Every structure is written in structure tokens, then in C-alpha cells.
Amino acid sequence: MRHAKRHRTNFISFIIVLSTTAVIVFLLIVLFNRQTLETRFYTIINWLERIDKAVARLDTNREILICIFALYIAKCQLPIPMGMLVAISGMVFPIEQALLINMVFCAFFFTVKYVEGIYIGGGWTEIILGIKKMHFIRDWIKFKGNGNPYVLTVTRFIPAISLAMVSKYYGSLRYDYVYYLILSLIGFAPRLYIYTTIGAAYTNPFSTKFIVPLIIVVAFSGVTSLMFNVFYGIKSRQMNQTLLMYSDKEKYKIVL
């Protein structure tokens, strides 16, 4: 059993490393051949620039802002990728304004999910952490029952971890709202900046400003997923060893 679990952890780690490396190599090839690709795909780039000009000709920025906010409201109940929403603001507004807009709207999203956690509960996160094999993660997150601030901040860094699930779970723990919001924004800030930068450079998907942040996102997603998989494998083996030791002691007592 132990050998099978170790084999499964190693296999998942291999898949993560292989897929991440493949994507990064592909993006590096695109980066080094960006001038040739820009010439070859000039029609696509020209079409994206026309979309950008069409958006800029819309009546008022207020209407655009309302539309983006409506998407964030929809995100509260629909599985819309947060990276896409953040990038949209970067497409439409100057990067400084887009960063401010995204920060405000992300704070709104975190608040809605926090309130849901208070009244509805931790949702899927609570169910998953209720599994016996996940108890060590649950205890680590709860941190004396109040919620672990370090886990909250770090999970905002990791693209593979759902923002909504973490938010609802911390709401169910009644974690201090002010600290929750500040730590959430601090943890999400690097991703927010990268996604906004990608959105600002969307008119030329073969530019350095577009490809380099994309490489950072892919590499960071792969590394953090690999670290979590290895961490879970180590903790799972430690827990199994503890249970086996406890089981042996109980058998010994029964024999006596």
C-alpha cells in the first residue's frame, strides 16, 4: 500500500513536471521566434488591434466599468477564470487604472465569498478536508481554530487553488474580516499584476510583454503544484506510519 501511494505521488509529480516543461519550452520557442511569428500572423494582430480601437470608441468608461463589474458579480456564482477577468481590465484601461479597478473588484469578490462562508459554511473545502486523509491539512489551516494567516496568503499565490473555496472556508471559520481581506489582496497582488500586464499586451500575443508573464504564470503554477503534491505525499506517509504504530500498540494491548 505504501509503495503504491509513493508510486502514485511520483507519477503525478512526473506528469506535472513534464506538462509544465513542455508548455514553457513551447513559449520559449515562441519568444525567440516572435518577430517571424508577428510577420506570419500579422492578420490576427491587426484584428486584435481593431478590437482594441473599437472598445476605445465606446461611449464612456463608466459603461465599460459597469460591464466588467457585472462579470465579477457573475464570477461569484459561475466558474469564470479570475485571470481572464483581471486581464479584461488591462485590455481596456491604462495599466495603473486597471490595477486599481481589479483590486477593488477582487476585494468585492473576496468579501462576497467570505460572507457566503459565514452563512452557508465552507462548502466543498469543508467536505474535502473532512476526509480522514486530509485532516492534517485541515488542522494546519485552522491554526488553533482561528485560521492560519500564512496559509491564507500563500494560497492566494497558487493558481491551482480555488479562490472561492478558500474564501468560503475562512468565512466559515469566522476569521477576522479586515485581516482576511488585507492578506487576500497581498497574496493575490503578484498574480493580479501579471494578469493585468498580460491583458495590457493582448493586442500583440507574440510580444515579450505578453509571453514573459505567461511563462512566469505557467512556471509558478507547475512549481507550486509540484510542491503541494510532494508535501501531501510526505504528510500522508507520516500519517500512515503513525496510524500503523498506534494500531500495533492496540493489538499488543489486546494480546496482553
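Above this note sits the structure.
Computed from a predicted structure; not experimentally measured. (Residues numbered from 1 in each chain as written. Predicted model: local features only at pLDDT ≥ 70, side-chain atom pairs only at ≥ 80, totals over all residues. Heavy atoms only, no water.)

Colleague: So what exactly am I meant to see when it comes to the overall build of the protein here?
Modeller: Secondary structure summary: the protein contains twelve helices and zero strands in total. Going residue by residue from the N terminus, the α and β elements of the protein occur as α-α-α-α-α-α-α-α-α-α-α-α. Looking at the protein as a whole, 38% of its 256 residues qualify as buried. Relative to all contacts within the protein whose residues are 6 or more apart in sequence, the contacts with residues 24 or more apart total 75%. (Helix = DSSP H or I, 4+ residues; strand = E, 2+ residues; numbered from the N terminus. Buried < 20%, exposed > 50% of the residue type's maximum accessible area, 1.4 Å probe, protein only. Contact = heavy atoms within 4.5 Å.)

Colleague: Teacher, can you tell me more about the side chain of Arg191 here?
Modeller: Its location among the elements puts Arg191 in helix 11 (residues 177-200). Although Arg191 lies buried, it forms no salt bridge, and the closest oppositely charged side chain, Glu116, sits 17 Å away as judged by the N-O distance. A polar contact of 3.4 Å, which involves the side chain of Arg191, links it to the backbone oxygen of Ile158. Non-local contacts of Arg191, meaning those with residues more than four positions away in its chain, are made with Thr155, Arg156, Phe157, Ile158, Pro159 and Leu163. (Lys, Arg positive; Asp, Glu negative; His and termini not counted. Salt bridge = Lys/Arg side-chain N within 4 Å of Asp/Glu carboxyl O. Polar contact = N/O pair within 3.5 Å; in protein donor to acceptor, adjacent residues only side chain to side chain.)

Colleague: Sorry, what's going on with the packing of helix 4 (residues 61-75) against helix 5 (residues 82-92) here?
Modeller: If you want to describe how two helices pack, look at the angle between their axes and the distance between the axes. The contact between helix 4 and helix 5 brings their axes to 10 Å, and the two run at 175°. Here helix 4 lies roughly antiparallel to helix 5, going by the angle between them. Contact residues: Ile64, Ile68, Leu71, Tyr72 and Lys75 in helix 4; Met82, Leu85, Val86, Ile88, Ser89 and Val92 in helix 5. Here the residues of the contact of helix 4 with helix 5 sort into nine nonpolar, one polar and one charged. (Axes fitted to C-alpha atoms, helices over the stretch in contact; angles between N-to-C directions. Parallel < 35°, antiparallel > 145°, perpendicular 65-115°, else oblique. Nonpolar A, V, L, I, M, F, W, Y, C, P; charged D, E, K, R; others polar.)

Colleague: Help me understand the side chain of Thr155 in this model?
Modeller: Looking at the element boundaries, Thr155 is found in helix 9 (residues 149-157). Those residues in contact with Thr155 that sit more than four places away from it in its chain are Ile161, Val166 and Arg191.

Colleague: Teacher, can you tell me more about the packing of helix 9 against helix 10 (residues 163-172) here?
Modeller: Between helix 9 and helix 10, the shortest axis-to-axis distance is 10 Å and the interhelical angle comes to 165°. Here helix 9 is positioned roughly antiparallel relative to helix 10, judged by the angle of their axes. In this structure, helix 9 crosses over helix 10, and the sense of that crossing is left-handed. Along the contact surface, helix 9 presents Val151, Leu152, Thr155 and Arg156, while helix 10 presents Leu163, Val166, Ser167 and Tyr170. (Left-handed = near helix turned anticlockwise from the far one by under 90°.)

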